[in-house]
Amino acid sequence: MKKTKRLSAFLLASLISAGTVSSLSAGANADSFYYYTHIDGKDSRKDFEEALENCAFKIPVENEILGGCYVLNIDNPKAALYGTPGYYKIIRMDDAISDDIQIWADPDIDVEKIRQSVYELYPDAEISSYLIDFGAPEVFGGEHIPDIWRGVTIKAFKDKLPYHEAKEKNITLENAEKLHDIIAQNGGVRSFLFRENPIKASVTYTTLTCYGPFEENETYDEFEKYISENNMNCHLYYNNYFKSIDFLSYDNLSAEDYYKIAEKIYRDINTKPYISWSKSGNQSDEITFDLHNYISGDANDDDQLALSDAVAILQSIGNPDDYELTPQGEYNADITGDKDGITNLDALTVQRKLLKLE
Ligand SMILES: [Ca+2]
Ligand SMILES: [Ca+2]
């Protein structure tokens, strides 16, 4: 029951704030620097940072010779290649989305006090506040029984920021908790959701492709001659559908090598190769933490405290690959040891709670 309420409130919150959010996200900062990605389908901040650190080569944005190589239809030209021998992927660089807090509260909650508390932590914060009548026929249909809620959305900064700046400035879970406690003291908080917005990047294996249209015999021969003259250890693949030619290397070329070859081909035979990429998979996966209506110790995130939660904690410690907690479950589970992460002691505390020893 509680879960349904939580989710429906969240859904409505998303719907209502959608207009605001999309208008805010327009107009990326022109000086944006490289943004994160994740490489292997994992989804944590640590992976993003590792990806950046391991980024073997960044295509200079100012290099226009092969602009088509990496710009293609990506709306942000700041893309980079990630490469280790035998493993080439394009990392899309993007601007950061601000993490935010979505509050639902009684209509008469003191918004000015909320503003002051937020500005103390985040001087550049953007705070919007609005009243919604959830009883209005246009929301649920049918009879109008007024049910006024106050919505407050808090972002740490306006618009989007380059990754490195945003990483510093985004709302942290710790500060979201602080704000929750301060705001809840004013009473009237009904739900308090902290939302993290990691971005998944579009990644793909890399090949060089020269787009024609080439008729197989003519240009293929010319390219064959070229790779033999240049001792390039690769073979060509003629794609009948696209009338294009792929260069497939036998060497473990780094991403940078691929880029250099593309540059050379362009210079020598005036054909612009494209490094292939996939558009798919670039999306923001929101992680939401309910900081108000969660159940302390509810590790399996089913809105009940039971022995299965202690078991879930122990399983997640013993066999994390098979028993992963949801982000909310992790949040709920870390109840002992002053946010020291999930340990056996958290499982013990759950058991003690169930025995009413705590
Ligand atoms: Ca549970
Ligand atoms: Ca703990």
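For the structure, see preceding data.
Remember, predicted model here, so these are calculated numbers, not experimental data. (Residues numbered from 1 in each chain as written. Chains lettered and ligands numbered in written order. Predicted model: local features only at pLDDT ≥ 70, side-chain atom pairs only at ≥ 80, totals over all residues.)

Peer 1: Any chance you could explain the overall build of the chain here in plain terms?
Peer 2: Scanning the chain for helices and strands turns up 12 helices and 13 strands. Considering the chain as a whole, with its 358 residues, one finds that 32% of them fall into the buried category. (Helix = DSSP H or I, 4+ residues; strand = E, 2+ residues; numbered from the N terminus. Buried ≥ 20, exposed ≤ 12 C-beta atoms within 10 Å, placed from the backbone.)

Peer 1: Would you mind showing me how to read helix H7 (residues 173-185) here?
Peer 2: Every α-helix carries 3.6 residues per turn, so stepping three or four residues along brings you back to the same face. Its 13 residues give H7 an end-to-end C-alpha distance of 18 Å, which sits within 8% of 18 Å, the value for a rise of 1.5 Å per residue. Where H7 is concerned, the buried positions are Ala-176, Leu-179 and Ile-183. Taken around the axis of H7, the buried residues stretch over an arc of 65°, which confines them to a single face. Residues of H7 that are exposed and point more than 90 degrees away from the buried face comprise Glu-174, Asp-181 and Gln-185. Once H7 finishes, Gly-187 follows within two positions and takes phi at roughly 80°, a positive value. (Expected span 1.5 Å × (residues − 1). Arc of directions from axis to C-beta.)

Peer 1: Please explain the environment of Asp-108 as it appears in this structure.
Peer 2: Mapping Asp-108 onto the fold places it in the loop between strand E3 (100-105) and helix H4 (111-121). On the basis of neighbour counts, which here come to 10 C-beta atoms within 10 Å, the residue Asp-108 falls in the exposed class. Spatially, the C-alpha atom of Asp-108 lies 9.8 Å from that of Leu-131, the residues being 23 residues apart in sequence.

Peer 1: What is the right way to read the packing of helix H10 (residues 307-318) against helix H12 (residues 344-354) from this model?
Peer 2: Each pair of packed helices can be summarised by the angle the axes make with each other and by the distance between the axes. Closest axis-to-axis distance for the H10/H12 pair is 8 Å, and the angle between their directions is 175°. On the basis of their axis angle, the class for H10 and H12 is roughly antiparallel. Where H10 abuts H12, its residues Leu-307, Asp-309, Ala-310, Ile-313, Leu-314 and Ile-317 lie against Asn-344, Asp-346, Ala-347, Val-350, Gln-351 and Leu-354. For the contact of H10 with H12, the per-class residue count stands at eight nonpolar, two polar and two charged. (Axes fitted to C-alpha atoms, helices over the stretch in contact; angles between N-to-C directions. Parallel < 35°, antiparallel > 145°, perpendicular 65-115°, else oblique. Contact = placed C-beta atoms within 7 Å. Nonpolar A, V, L, I, M, F, W, Y, C, P; charged D, E, K, R; others polar.)

Peer 1: What exactly am I supposed to notice about H12 here?
Peer 2: Taken together, the buried positions of H12 are occupied by Asp-346, Ala-347, Thr-349 and Val-350. Along the long axis of H12, the arc covered by the buried residues comes to 160°, so they all point the same way. Those residues of H12 that are buried lie in contact with H10 and helix H11 (327-333). In the stretch just after H12, Lys-356 is the one whose phi turns positive, near 60°.

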